[in-house]
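# What the coordinates show
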Amino acid sequence: MIRSTDLAESWTPIAFAGEQDFHAIDVAPGRTYAYGSNGELLVMQDKQTWKRVAQAELIDIAADPTALGRVFATTTNGQLVTFGENGNGASSKPFPDAPPLALVDVTSRGTIVGVDPSGQVFACDNRGANWEKLADVSGGPEAISVRSKTWYAATEHGIYTSSDEGRSWRQLLKIQM
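This report concerns the structure included in the present document.

Thresholds applied
Residues numbered from 1 in each chain as written. Predicted model: local features only at pLDDT ≥ 70, side-chain atom pairs only at ≥ 80, totals over all residues. Heavy atoms only, no water. Helix = DSSP H or I, 4+ residues; strand = E, 2+ residues; numbered from the N terminus. Rg over C-alpha atoms; globule rule 2.2 N^0.38 Å. Buried < 20%, exposed > 50% of the residue type's maximum accessible area, 1.4 Å probe, protein only. Contact = heavy atoms within 4.5 Å. Lys, Arg positive; Asp, Glu negative; His and termini not counted. Charge placed at Lys NZ, Arg CZ, Asp CG, Glu CD. Phe/Tyr/Trp six-rings, centres within 6.5 Å; stacked < 30°, edge-to-face > 60°. Pairing = 2+ DSSP bridges. Axes fitted to C-alpha atoms, helices over the stretch in contact; angles between N-to-C directions. Patch = residues over 30% accessible without salt bridge, like charges linked within 9 Å, V, L, I, M, F, W, Y side chains within 5 Å. Areas by Shrake-Rupley, 256 points an atom, 1.4 Å probe, with all protein chains shown as cover. Salt bridge = Lys/Arg side-chain N within 4 Å of Asp/Glu carboxyl O. Polar contact = N/O pair within 3.5 Å; in protein donor to acceptor, adjacent residues only side chain to side chain.

### Section: the overall build of the protein chain
Across its full length, the protein chain carries 0 helices and 18 strands. Taking 16 Å as the expected radius of gyration for a compact globule of 177 residues, we find that the protein chain reaches 16 Å, a close match to that expectation. Its C-alpha atoms give the protein chain principal-axis dimensions of about 40 × 40 × 25 Å. Residues classed as buried in the protein chain amount to 45% of the 177 residues present. In the protein chain, of all internal contacts separated by at least 6 residues, the share reaching a separation of at least 24 is 30%. Each charge class in the protein chain can be summarised by its mean position, and for the 15 positive and 21 negative side chains these summaries are 7 Å apart.

Here you go:
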């Protein structure tokens, strides 16, 4: 993990330099979460010390801004799970009614948003019930961000945006293959 304090003119290593590759990073008030190439889900609360939350095979993570210490994650088999920190590490809970998802994020109001491997976007309340099929983004999903009123998704075909909470998507950038 590296940090820049001068608008990306220079970078300083701050954690795990040369030790592992982070596949997913997300933040919530007072916490930074990272999922690394060694299969560990980590949390940092003091801007210095990383603590192991769980060991798991994950694809994506999303810190819940409405519930301190809760992280949603997608597993390599498409299952949505949540990890909640407690005094003895973390407990996990699957969401059996969730569609198979590759990517996950959480809005500031706590709505869970997921993208399946084909690019179909889904949303539900943060209890994991009542999944709504929204629209799709073209191509295999690579990233999604839904923290503001404008949502963004990256796929193998380009960058997309939605200003109506995922009900329609407009391509911002087309990737030429």
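### Overview of the packing of aromatic side chains
Counted according to the given criterion, the structure contains 3 aromatic pairs. An angle of 45 degrees between the planes, with centres 5.8 Å apart, marks the rings of Phe72 and Phe95 as tilted. Here Phe95 lies in the loop between strand S10 (89-94) and strand S11 (103-106) and Phe72 lies in strand S8 (residues 70-75), a separation of 23 residues in the sequence. Judged by relative accessible area, Phe72 falls into the buried class, the value being 0%. For the ring pair Trp151 and Trp169, a centre distance of 6.5 Å and an interplane angle of 50 degrees mean the geometry is tilted. Of this pair, Trp151 sits in strand S16 (residues 151-155) while Trp169 sits in the loop between strand S17 (158-162) and strand S18 (170-174), and the two are 18 residues apart along the sequence. Residue classification places Trp169 among the buried positions, given a relative accessible area of 15%.

### Notes on the side chain of Thr107
Tracing the backbone through its elements, the reader meets Thr107 in the loop between S11 and strand S12 (112-115). Look at Thr107 and you get buried, because its relative accessible area is 3%. Setting aside chain neighbours within four positions, we find Thr107 in contact with Pro65, Val113, Val146 and Trp151.

### A word on the sheet that holds S11
Taken in spatial order, the 4 strands make up an open sheet running S11-S12-S13-S14, and their pairing is antiparallel. The outermost strands of the open sheet, each flanked by one partner alone, are S11 and strand S14 (132-136). Within this sheet the neighbouring strands show an average axis-to-axis angle of 25 degrees, counted without direction. Pairing geometry for S12 and strand S13 (residues 120-124), over 4 bridges, is antiparallel.

### Things to note about the sheet that holds strand S4 (residues 31-36)
Paired through their backbone hydrogen bonds, the strands of a sheet run either parallel or antiparallel. Here we have 4 strands laid out as an open sheet, ordered S3-S4-S5-S6, and antiparallel in their pairing. Both edges of this open sheet fall to strand S3 (22-28) and strand S6 (50-55), since each of them pairs with a single strand only. When strand polarity is set aside, the average angle formed by the axes of neighbouring strands in this sheet is 20 degrees. Note that S3 and S4 share 6 bridges and pair antiparallel. The residue of S4 that forms the bridge with Ile25 is Ala34.

### Quick notes on a nonpolar patch on the surface
A cluster of nonpolar side chains, contributed by Tyr152, Leu172 and Leu173, occupies part of the molecular surface with about 290 Å² of accessible area. Its location among the elements puts Tyr152 in strand S16.

### As for the environment of Tyr33
Structurally, Tyr33 is set in strand S4. Along the chain, Tyr33 and Val104 lie 71 residues apart, while their C-alpha atoms are 14 Å from each other. One polar contact links Tyr33 to Arg31, side chain to side chain, over a distance of 3.4 Å.

### Brief notes about the environment of Glu19
Counting through the fold element by element, Glu19 comes out in the loop between strand S2 (12-13) and S3. The exposed category is assigned to Glu19, whose relative accessible area is 62%.

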